[in-house]
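# Observations on the model geometry
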Amino acid sequence: MAEPAPAAPRFTALAESVPAVMDLLGSDLLGSAPPPACTTPVPARESAPEPVPEPASESALEPAPRPVLEPAPDSTPDALLNAAPNTAPIPALNAALNTAPIPALNAAPNTAPAPGPDTGAERPFRSAFSAAPLAMAVVDHEGLVVSANETFGALLGAGPDELAGQPAADLVDLVSDARTRHAYGEVLRGRQARLRCARRLKHPDGHRLWVQVTVAPLTPGSPGVLLSVADISARRELQARLRHLKNHDPVTRLPNRTLFFERLSAALETESYERGGSGRVGLCYLDLDGFKAVNDTLGHRVGDRLLAAVAERLTRCADEAGHGRTSTPLVARLGGDEFALLVEDSTGTEQLAELAESVLSALQEPFEVAGRLLSVSASIGVVERHAAGSSATALMQAADTTLYWAKADGKARWTLFDPERNAHRMTRQALVSTLRAAVERGEFALEYQPLVGMEDGRLRGVEALVRWRHPEFGTLTPNRFIALAEEDGSIVPLGRWILATACHQARRWQLDHPDEPPIFVSVNVAVRQVWDSDLVADVAEVLARTGLAPHLLQLELTESAVMGSAGRPLEALRSLNDMGVHIAIDDFGTGYSNLAYLSRLPVSALKLDGSFVRGFQHEEPEGAASRPSPADEVIVEAMIQLAHRLGLTVTAECVETSDQASRLRRIGCDTGQGWLYSRPVSPDRISELLDGRV
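Residues numbered from 1 in each chain as written. Predicted model: local features only at pLDDT ≥ 70, side-chain atom pairs only at ≥ 80, totals over all residues. Heavy atoms only, no water.

What follows concerns the overall build of the protein chain. Summing up its helical and strand segments, the protein chain has 30 helices and 24 strands in all. Within the span of the protein chain, comprising 694 residues, buried residues form 45% of the whole. The contacts of the protein chain with a sequence gap of at least 6 include a subset with a gap of at least 24, amounting to 65%. Element-wise, carbon and sulfur atoms account for 52% of the exposed surface of the protein chain, whose accessible area totals about 34100 Å². (Helix = DSSP H or I, 4+ residues; strand = E, 2+ residues; numbered from the N terminus. Buried < 20%, exposed > 50% of the residue type's maximum accessible area, 1.4 Å probe, protein only. Contact = heavy atoms within 4.5 Å. Areas by Shrake-Rupley, 256 points an atom, 1.4 Å probe, with all protein chains shown as cover.)

If you walk through the whole model with that rule in mind, you get 6 aromatic pairs. Note on Phe444 and Phe481: the rings are 5.5 Å apart at their centroids and 55° apart in plane angle, and the pair reads as tilted. Taken together, the residues span a long stretch of sequence, with Phe444 in strand E14 (residues 444-453) and Phe481 in the loop between strand E16 (474-476) and helix H20 (482-488) at a distance of 37 residues. Owing to a relative accessible area of 0%, Phe481 belongs among the buried residues under this scheme. For the pair Tyr448 and Trp509, a centre-to-centre distance of 5.0 Å together with 80° between the ring planes defines the contact as edge-to-face. Separated by 61 residues along the polypeptide, Tyr448 in strand E14 and Trp509 in helix H21 (residues 491-512) bring together distant segments of the chain. A relative accessible area of 2% means that Trp509 is categorised as buried. One aromatic cluster is present, built from ring pairs that chain together Phe444, Trp468 and Phe481. Note that Arg385 overlies the ring of Phe417, its terminal NZ or CZ placed 5.5 Å from the centroid. (Phe/Tyr/Trp six-rings, centres within 6.5 Å; stacked < 30°, edge-to-face > 60°. Lys NZ or Arg CZ within 6 Å of the ring centre and 35° of its normal.)

A separate point is the side chain of Gln673. Looking at the secondary structure, you find Gln673 in the loop between strand E24 (671-672) and helix H30 (683-689). A polar contact is formed between the side chain of Gln673 and the side chain of Gln449, at a distance of 3.0 Å. When residues no more than four places from it in sequence are discounted, the contact partners of Gln673 are Gln449, Pro450, Leu451, Glu463, Lys607, Thr651, Ala652, Glu653, Cys654 and Val655. (Polar contact = N/O pair within 3.5 Å; in protein donor to acceptor, adjacent residues only side chain to side chain.)

Next up on the list: the sheet that holds strand E7 (residues 280-289). Neighbouring strands of a sheet are bound in pairs by backbone hydrogen bonds; such pairs are parallel or else antiparallel. A sheet is described by the order of its strands in space; here 5 strands give the open sequence E8-E9-E7-E12-E13, paired in mixed fashion. Each having just a single partner strand, strand E8 (330-335) and strand E13 (414-416) make up the two edges of the open sheet. Neighbour-to-neighbour, the strand axes of the sheet open up by a mean angle of 20°, direction not taken into account. Across 3 bridges, strand E12 (residues 377-386) lies against E13 in parallel orientation. Bridge assignment links Gly381 to a residue of E13, and that residue is Thr415. Docked against the sheet, helix H13 (residues 257-268) engages E7, E8 and strand E9 (338-344), running at close to 25° with respect to E9. On the sheet, helix H18 (residues 392-408) packs against E7, E8, E12 and E13 and is oriented at approximately 140° with respect to E12. (Pairing = 2+ DSSP bridges. Axes fitted to C-alpha atoms, helices over the stretch in contact; angles between N-to-C directions.)

With 5 of 7 residues buried, E9 is to be regarded as a mostly interior element. Pairing of E7 with E9 involves 7 bridges; the strand directions are antiparallel. Its bridge partner being in E9, Asp287 is matched across the sheet by Glu338. Across 5 bridges, the pairing between E8 and E9 is antiparallel.

The next thing to look at is a nonpolar patch on the surface. Taken together, the side chains of Leu238, Leu242 and Leu245 make up a nonpolar region of the molecular surface, amounting to roughly 310 Å² of accessible area. Looking at the secondary structure, you find Leu242 in helix H12 (residues 233-247). (Patch = residues over 30% accessible without salt bridge, like charges linked within 9 Å, V, L, I, M, F, W, Y side chains within 5 Å. Salt bridge = Lys/Arg side-chain N within 4 Å of Asp/Glu carboxyl O.)

Okay, the nonpolar core next. Counting 52 residues, the largest nonpolar core has Phe444, Val521, Val539, Leu553, Leu555 and Ile686 as its most contacted members. Broken down by element, the residue count for this core peaks at 10 residues, all from H21. With sequence-adjacent residues up to four places away left out, Val521 is seen in contact with Tyr448, Val462, Ala464, Ala502, Ala506, Leu548, Leu552, Leu553 and Gln554. Counting 32 residues, the second largest nonpolar core, distinct from the first, contains Cys284, Leu286, Ala309 and Val331. (Core = buried A, V, L, I, M, F, W, Y, C linked by side-chain atoms within 4.5 Å.)

Counting through the fold element by element, Ser662 comes out in helix H29 (residues 658-666). Taking relative accessible area as the criterion, Ser662 reaches 30% and is therefore assigned partly exposed. Along the chain, Ser662 and Glu455 lie 207 residues apart, while their C-alpha atoms are 9.5 Å from each other.

The next point concerns the confidence of the model for the protein chain. On average, residues of the protein chain score 80 in pLDDT, and 77% of them are at 70 or above. Element-level pLDDT for the protein chain is lowest in helix H4 (residues 77-81), with a mean of 31, against a maximum mean of 97 in strand E17 (residues 520-524). In this model, residues 15-117 is a region of pLDDT below 50 whose contacts with residues beyond four sequence positions or in other chains number 179 contacts. Within the model, the stretch residues 619-625 combines pLDDT values under 50 with 2 contacts to residues more than four positions away or in other chains. (pLDDT = per-residue confidence, 0-100.)

Of the voids in this model, the largest pocket is the one considered here, and its volume is about 960 Å³. Lining the largest pocket are 37 residues, with Glu463, Leu465, Pro478, Asn524 and Asp586 positioned closest to its centre. The set of elements that each furnish at least two residues to the lining of the largest pocket consists of strand E15 (459-470), H20, H21, E17, helix H22 (527-532), strand E18 (553-558), strand E19 (582-588) and helix H27 (610-614). Tallying contributions element by element places E15 first for the lining of the largest pocket, with 5 residues. Empty space within the second largest pocket amounts to approximately 480 Å³. As for the second largest pocket, its lining consists of 27 residues, of which Leu459, Arg460, Pro518, Phe520 and Thr671 are closest to the centre. Mapped onto the lining of the second largest pocket, the elements with two or more residues apiece are E14, E15 and strand E23 (649-652). (1 Å grid on protein atoms, 1.4 Å probe; cavity = no way out; pocket = protein on both sides within 12 Å on 5 of 7 lines; lining within 4 Å. Points joined across faces, edges and corners; volume = space filled by probe spheres on them.)

Next up on the list: unusual backbone geometry. Unusually for a residue other than glycine, Asp587 sits at a positive phi of about 55°. As for its position among the elements, Asp587 is in strand E19. Although it is not a glycine, Cys654 sits at a positive phi angle of roughly 60°. We classify Cys654 as partly exposed; its relative accessible area is 27%.

Further remarks concern the side chain of Thr415. Inspection of the secondary structure puts Thr415 in strand E13. With near-sequence residues (within four places) excluded, Thr415 lies in contact with Ile380, Gly381, Val382, Thr402, Trp405, Ala406, Asp409 and Arg421.

Attention now goes to the environment of Glu344. By the element assignment, Glu344 lies in strand E9. Each residue touching Glu344, except ones within four places of it in the same chain, is listed here: Arg263, Ala267, Arg280 and Ser327. In this structure the side chain of Glu344 is engaged in a polar contact, spanning 2.7 Å, whose partner is the side chain of Arg263.

Have a look at this one:
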């Protein structure tokens, strides 16, 4: 059999030079398997000034990618022909082309093709070239169109003959940006193997379309390149729709969290505010009050419709706020019943405050949903600051914190971010994160405040008060960290340490001053210690280890904790009382004040809150004698008499003047505690007080 002519492999190389040809021609023409799924095209910079027709809510056009440059192939013909070794031959066409070469495509450089009628070998190729659904054109080394098929002409709204001789770069906009223009020139000169980019063209009838342009050389040694153009408008439209679905909430059709953070991050970029504007950014972060009740009682379907109605009102507020300004606030649903309004190039906190007020007003009117009138309100956290130096994470943290403040302050309101209040919150968080480890590191110490007998002025006992020697914040009093310790449970190990240290110190005083009557030590106990630990066992173990007599230990619980005791706490208090430990109610008179509990609880002492004692007198002008408050004195006297009838002792807190002390002594108070006698002091100072009167 005679060797086939080179026309067929050259057409194979021609087909291989256009990656999309094999897919777009289809199996009907080539007799091959169905084409694989289309790969995503590599877009390039947009050439036309008009924006891409995206959904109205899209934030911005996607940036123009760089054109793809591929390295030049091997210079030998075999390298080009064998570039795709896994590509099967095209039998239907190659069989017809195994005759003579194609003069128009295979002429030597700078050699014009010989005129003459088409041979039988050329006709199948030309028919395939003309009928191909992919727009193609042969371009010479100067960039002029040599020939184009019908699809190429239809794509540009011109006949193939009209396109011959025209610059191909102008037809498909390959010269509008320097990078693409340079890449195109490199392919024409044979220095690069291929250029692939996406361009946006305008059809003569007025509509615009996206195309993928591929420029690849013909066979090595042949002049010119093959230019193919695929209409990817449908694909781009599908991508835009998918991107819209990805970035928008299906319930409210608002931008979702993903798109919101993209816009927020873009607004905080340096290039954004250096182009002009105020250089500031504002955020209203809101959460619906009472929405969970709607979901729980009426179902999620009604809840979703309510969210959509809320979204409409928020959008109206944003449109009104953006009227007459450079931009309209972006409204987004971040999830659940949380929404955000992003204000780019804000003018100050006043603008954000007005927006927050308008949102609250818009939500006041009831919503008609599913034949019902539903009412919801919103708590809004407002943050406004310079974009420079800010991050999306920091801005959202500030907004979330401020939203929490708005809810804590009573809901249905907006709250502006306060750096000082936030610093306090950060300090609180820092304390919480190091509290448990501080117990292990031994950062706590005890000071003791005397409890003095009102009749003889002798030291009867002390109250142990814990101090945190914080390495960063200095010495902290209990009101700074005890509540935090109760929240995270670290009060249990801290309470054990306080109990053991105080009992050990009380026993030491007893041993160091054997001639003095032993003093008792009073230790504060949180109700969580009773629930989360075996307090009875802890007390018994400490007393046994230190040798302190049980009656020299007094445990103080707040009135609200003791009055609400039931079950396990009540059993623990009774067990401690049976052991001989005294139980005192601290801050008595400020909580429930349920006197019926006093007869049933194993309580041995009451500590009157300092607010009663402070009301004992009024300072008169010009140094006049102090005048007592009759009401407070009557109340305190009644409580002391009641306690004595129940067999309880009474301690008055916050005794600061001798006049207060004398009046308390007159109405029968047993012991006093306050700055009149001593501030909280070290154990050594208590040792000194044991040697004489206060």
